[in-house]
Amino acid sequence: MDSSLKAQHEAFVQGLEGGTVSSILPSVILPSCMYTVALSAALFSNLCRHYLSSSASSSTSSASFKRSMSLMQSSVELLSQLLPLSFLLLPDSHPLQSRFNQFSSTLYDVFPSWVGSFNEAGSVVFSLSILLLALILPLLFILLHLLSSLSSSSLHSELSTRSHSLTFFNATTILLTSYCILAVDFPAFSRSYAKRETYGFSLMDVGVGVFVLKSGFLSPCARSVLQNTSETTKKIEKGRGRDSTQRVNWRNVWTLLALAVLAVGRLLTVKAVNYQEHVAEYGVHWNFFCTLFFIRLVGMFLPRTPAMVGATGVIILASHEWFLSHGLGEYMATQERGNSFVEMNKEGIFSVLAYCAIYCLGCLGGSVFFQATQQILKSKGVDLDRSGCREAKMSLSALLVWVMVNIVGWTVLEFLSQAFGSPSRRLVNIPYVNAVVVSFSSALCLCALVERFLLSVGARGMPSLPVAEFISANSLYVFLCANLLTGATNLSINTFAMSWLATLGIMSTYICAAVGLSYVSHSLILLLFKLNESQ
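Note that this is a predicted model, so its numbers are computed, not measured. (Residues numbered from 1 in each chain as written. Predicted model: local features only at pLDDT ≥ 70, side-chain atom pairs only at ≥ 80, totals over all residues. Heavy atoms only, no water.)

Asker: It is not clear to me how the nonpolar core should be interpreted in this structure. Could you clarify?
Answerer: For soluble globular proteins, the rule of thumb is that nonpolar side chains tend to be buried together. By size, the foremost hydrophobic cluster in this structure holds 111 residues, and its most contacted members are Leu88, Phe189 and Ile471. The element contributing the most residues to this core is helix α21 (residues 430-456), with 14 residues. Excluding anything up to four places from it in sequence, Leu88 contacts Pro26, Leu30, Leu176, Tyr179, Cys180, Ala188, Phe189, Ser190, Tyr193 and Leu203. (Core = buried A, V, L, I, M, F, W, Y, C linked by side-chain atoms within 4.5 Å. Buried < 20%, exposed > 50% of the residue type's maximum accessible area, 1.4 Å probe, protein only. Helix = DSSP H or I, 4+ residues; strand = E, 2+ residues; numbered from the N terminus. Contact = heavy atoms within 4.5 Å.)

Following this line, the structure appears as structure tokens:
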């Protein structure tokens, strides 16, 4: 990369401070908005397939027709996500800002002063998302009832009785993270969403913590409460305990090796092509893959029970906060660096244990979530041996309790900021961890509320979301492809010269390419493994 362009990129993302809760609103509202749009797109695809199969000849039952319909459904689902994501490409000076001044003033009157004035891009995204939900939910309601009124049994079988909210939320986290890591280099992307230098928070600041928290929430430790739920399962697990443990250990080893290769590979590539770096994020040599490597490494030695893991996370976080208040925070916040490896990478090295604490809290939260799921399935008389670890739809009372907990979490943020200082991703202090946890919990709760609303108005089930299921099952792989395409895009074009319309086109192509590349390469790898086994 040209040195002058590199310096321009680095200056564009550096020196940002402050930020209010309104700047992280997109991380809370967009997942539920995207979920609603995806469900509508899936139902529309199902209806199209029904009418095409009923009006065409008997050849529609062929494998080629099914593949074509499956491709259509996946394409419509992925393309439908581009509309909510495009809300992020509204710069601070966009004309829509003035259109929502009245709405911003109303929010400011309702919420406490610590929320901020809302006169920034976050309020616009929040407003547009509410507007989109108001338009899409009635359409989704009509589509669900239209689908339920059809007599086709095969069409009804495509409506799953399972909950997809957690699966989709996991996929949305990856899509949002992938979108932001490239969008931040374009002028159309509001600076209020970019990472803060030291204090304050933004969409991208919270996104880093949410990525780690999500990993703990979906970890084997969190899902362990779903195991040994019946006598049959206990006997099976007792008989194959050693094999299962060895299989999990080998999987962890392979993941660690992959993360180590990615961490070293990114470092060498960045230095080789003279790529832009934001040193204040993790340090001179450290990167996010290094942090993920150590989180996974520490996770292998954590206690087996989720309660103990959660307690370990609280102890680590309290110890980290104590060190921050006794000199470590001031040391990490300074721009001065020495020549040693530790001093050159102080942000990444001294924050890694705090991220491990976030991972532990995710394990505890996930175990509570899955335990509640298990109790719901038991109360409905579902055979846990047959149902596996599927998600169950939460009761209305449980969702209301969840909403109240989230409200308390947002309120506590003000007091934590007064007690421990402004939230800081660089320091990973307690206010920042609270903002991450409550953002994650609120966004997932909103997805569950959307699903519960649709079921309350008579929906027989939820349509399948193949793209979301693929991204959720291969999140690290999709994230890697997005990183590679981000680097290739920045090396190929001058992002500062792009208009808003050009930025929108590039970002839409980038997201489709990232998911498509990950799917094709993942399929090729599986094919190679199968060929190996057959020989």
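Asker: Just checking my understanding: could you explain the pattern of salt bridges for this structure?
Answerer: Side chains bearing opposite charge may pair, as long as their charged atoms lie close to each other. Using the criterion set out here, one finds five salt bridges in the structure. Its salt-bridge partner being Asp205, residue Arg425 comes within 2.6 Å of it at the nearest N-O pair. Remark: Asp205 occurs in helix α10 (residues 203-217) and Arg425 occurs in the loop between α20 (396-420) and α21; sequence separation between them is 220 residues. Asp205 matches Arg425 in its accessibility class, with the two residues each being buried. Note that Glu347 and Arg337 form a salt bridge whose closest N and O atoms lie 2.7 Å from each other. With Glu347 in helix α18 (residues 346-379) and Arg337 in the loop between α16 (306-333) and α17 (341-344), this residue pair connects regions lying ten residues apart in the sequence. Classification of Arg337 as partly exposed rests on a relative accessible area of 27%. (Salt bridge = Lys/Arg side-chain N within 4 Å of Asp/Glu carboxyl O.)

Asker: Help me understand the state of the cysteines, please; the structure alone is not making it clear to me.
Answerer: Scanning the model with the defined rule gives zero disulfides in all. Between Cys360, a cysteine without a disulfide, and Cys363, which holds the nearest cysteine sulfur, the sulfur-to-sulfur distance is 6.0 Å. With relative accessibility at 1%, the residue Cys360 sits in the buried group. (Disulfide = S-S within 2.5 Å.)

Asker: How should the side chain of Asn406 be read in this particular structure?
Answerer: Structurally, the position occupied by Asn406 is in helix α20. Ignoring sequence-local partners within four residues, the contact set of Asn406 consists of Val438, Ser441, Ser442 and Cys445.

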